[in-house]
Amino acid sequence: MAEQSHDPWQSAMDHAVAVARKAGEMVRAALQVQDKCSPVQTKTSAVDLVTETDQEVERLIIQSVKSKFPSHSVVRRALCAHYCPTWIIDPIDGTTNFSFVVEGTRLWACASGFAVNQQVEWGVVYSAIEDKMYTARRGRGAFCNGRPLQVSPQTGQRESPYRCPTDSSLRKVLSLPVHGVRGAGSAALNMCAVAAGFVEVYYETGIHVWDVAAASVIVTEAGGVLFDTTGEGAVDLMSRTIVAANNKPSPRESSSSWTPAVQDNNI
Ligand SMILES: O=P([O-])([O-])O[C@@H]1[C@H](O)[C@H](O)[C@@H](O)[C@H](O)[C@H]1O
Ligand SMILES: [Mg+2]
């Protein structure tokens, strides 16, 4: 079918939802087959765990986008520098959880973000194990299975027996006691947890654009904010660091009263 002209970004997003469901089924089925969950050697596998299933899902997405939206690019490694509409895909975000299957683990997702002129226009993140489809379109809100998402209203300090055992950059941004720290993985789902109001902050360094592109717009459309790990700059999705939060503390608050729960995958 040819590209729709009335609202091309919306039809691309609708297509991403359908492809994510198909991809989710494919990944769930692969969990039953040892070979499909095992890491394979690739040029980048020293730093990036890849399974046969990642590759199959990647092919599925690329082929379906290319046949339905021939003018769109599909990438894993760049936020397109030009106007060119670009799908930024992570076939399985949380490959480690998928590959080294922990019984009952749910923290992997199929993620697609869509950028035009370096602006993320929509994001789709599908947690197949939970059957949760997170979607957001810039300016039109964020949803999970069609229900609107809203970040947590938490702003003040929580009673907490814990201190945040983090490195100095995190301490600089989030320098207070927090209720708890979780590092279970899937950057995209951790960010969706911020969007859904389950936690107040997700932080990671060393992250890639394809891990966070889709969920970035889900966070902001749910009322959240993205910023860099200095706590001062706007986020650059290519910078490999990100903080996604329900709100951004003022400098005064950040040293005295802002105490969200934290997810930190680098602990
Ligand atoms: O490799 P992948 O499974 O797509 O993505 C990884 C996951 O999102 C993980 O939670 C995060 O901690 C890593 O930094 C990512 O690389
Ligand atoms: Mg990923």
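The structure displayed is predicted, hence computed values, not measured ones.

Now for the coordination of the magnesium ion (ligand 2). Taken together, the protein ligands of the magnesium ion (ligand 2) are Asp-90 (OD), Asp-93 (OD) and Asp-211 (OD), with distances of 1.9 to 2.1 Å. What makes Asp-93 buried here is its relative accessible area of 4%.

On to the UniProt feature "binding site: Mg(2+) 1" (unreviewed entry) in the protein chain, then. Under the UniProt annotation, the feature "binding site: Mg(2+) 1" (unreviewed entry) is placed at Ile-92 and Asp-211. Taken along the chain, the residues just named run across 120 residues; in space they keep tight, none of their C-alpha pairs more than 9.3 Å apart. Mapped onto the elements of the fold, Ile-92 is located in strand S2 (residues 86–93). Beyond its immediate chain neighbours, meaning those up to four positions away, Ile-92 contacts Val-27, Thr-51, Thr-53, Asp-54, Phe-98, Trp-108 and Ala-109. Tracing the backbone through its elements, the reader meets Asp-211 in helix H7 (residues 209–221). Judged by relative accessible area, which is 11%, Asp-211 ranks as buried. For Asp-211, the contacting residues outside a window of four places in its chain are Asp-90, Asp-93, Ala-187 and Ala-188.

Let us look at the site of ligand 1. Lining the immediate surroundings of ligand 1 are 13 residues, of which Asp-93, Gly-94, Thr-95, Ser-186 and Glu-204 lie closest. Here Ala-187 contributes a backbone N or O atom positioned 2.9 Å from an oxygen atom of ligand 1. Contact distances for ligand 1 include 2.6 Å between an oxygen atom and a side-chain N or O atom of Glu-204. Burial of ligand 1 by the protein chains amounts to 82% of its free accessible area of 370 Å².

Taking 1.5 Å as the rise per residue, H7 with 13 residues should run 18 Å; its terminal C-alpha atoms sit 18 Å apart, in good agreement. At Ala-215, H7 shows its largest bend, some 35°. Of all the 13 residues making up H7, 11 are buried; the element is thus mostly covered by neighbouring parts of the structure. The first or second residue beyond H7 is Gly-223, which carries a positive phi of 100°.

Conventions and cut-offs
- Residues numbered from 1 in each chain as written.
- Chains lettered and ligands numbered in written order.
- Predicted model: local features only at pLDDT ≥ 70, side-chain atom pairs only at ≥ 80, totals over all residues.
- Heavy atoms only, no water.
- Donors = N, O, S within 2.8 Å, 3.2 Å for Na, K, Ca; no water.
- Buried < 20%, exposed > 50% of the residue type's maximum accessible area, 1.4 Å probe, protein only.
- UniProt positions renumbered as here; feature names shortened; annotations may be inferred.
- Helix = DSSP H or I, 4+ residues; strand = E, 2+ residues; numbered from the N terminus.
- Contact = heavy atoms within 4.5 Å.
- Near = heavy atom within 4 Å.
- Polar contact = N/O pair within 3.5 Å; in protein donor to acceptor, adjacent residues only side chain to side chain.
- Areas by Shrake-Rupley, 256 points an atom, 1.4 Å probe, with all protein chains shown as cover.
- Expected span 1.5 Å × (residues − 1).
- Bend = angle between axes of the 7 residues up to and from the residue.

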